[in-house]
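Letter by letter, the chains look like this.
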Amino acid sequence: MVVRYCECCKTETDHRETLERKPSSYDTKKSIYGRLMLLIHEFINGGHYYNMNRYLTCKACGHKILENMGNEFE
Ligand SMILES: [Zn+2]
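Note that the structure is a prediction, hence the values are computed from the model and not measured.

### Remarks on the environment of Cys8
Move 1: Turning to its location among the elements, Cys8 is positioned in the loop between β1 (2-6) and β2 (11-21).
Move 2: Separated by 50 residues in sequence, Cys8 and Cys58 have C-alpha atoms that sit 9.0 Å apart.

Here is the structure:
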């Protein structure tokens, strides 16, 4: 649990941390070639952590903030 300022609540609230996969340009391609390229792309870039977005979600109102400030995956 992380305490952060929430724009909606206009105060500091408890936030839940979540990780979501970043949408990739390859995701829109439904072909086998596109899927293969996605796998190769992720492999080259060191696995799925490279493509993760870190979000903080306000527990009071559900407002979501994108926060990719940390270097814990590098
Ligand atoms: Zn809030």
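### Some details on the pairing of β1
The side chains of a regular strand alternate between both faces of the sheet.
Move 1: In this sheet, β2 lies alongside β1 in antiparallel orientation, the contact comprising five bridges. Bridge pairing in β2 places Cys6 opposite Thr11.
Move 2: Here β1 folds back onto β2, and the loop between the two strands holds four residues, one of which, Lys10, carries a positive phi near 60°.

### Section: the sheet that holds β1
Move 1: Ordered by their spatial adjacency, four strands build an open sheet running β1-β2-β3-β4, and the pairing between neighbours is antiparallel. Across the chains shown, the open sheet's two edge strands, defined by having one partner strand only, are β1 and β4 (64-66). Strand-to-strand twist across the sheet, computed as the mean angle between neighbouring axes with direction ignored, equals 45°.

### Overview of helix α1 (residues 32-44)
Move 1: An ideal rise of 1.5 Å per residue puts 18 Å on 13 residues; α1 measures up with 18 Å between its terminal C-alpha atoms.
Move 2: Across the 13 residues of α1, zero count as buried, placing the element largely on the outside.

### A few points about the environment of Glu7
Move 1: One can find Glu7 in the loop between β1 and β2.
Move 2: Residue Glu7 is classed as exposed on the basis of its C-beta count, with 10 C-beta atoms lying within 10 Å.
Move 3: Counting along the chain gives 51 residues from Glu7 to Cys58, while the straight-line C-alpha distance between them is 9.6 Å.

Each value, and the rule that gives it
Residues numbered from 1 in each chain as written. Predicted model: local features only at pLDDT ≥ 70, side-chain atom pairs only at ≥ 80, totals over all residues. Helix = DSSP H or I, 4+ residues; strand = E, 2+ residues; numbered from the N terminus. Pairing = 2+ DSSP bridges. Axes fitted to C-alpha atoms, helices over the stretch in contact; angles between N-to-C directions. Expected span 1.5 Å × (residues − 1). Buried ≥ 20, exposed ≤ 12 C-beta atoms within 10 Å, placed from the backbone.

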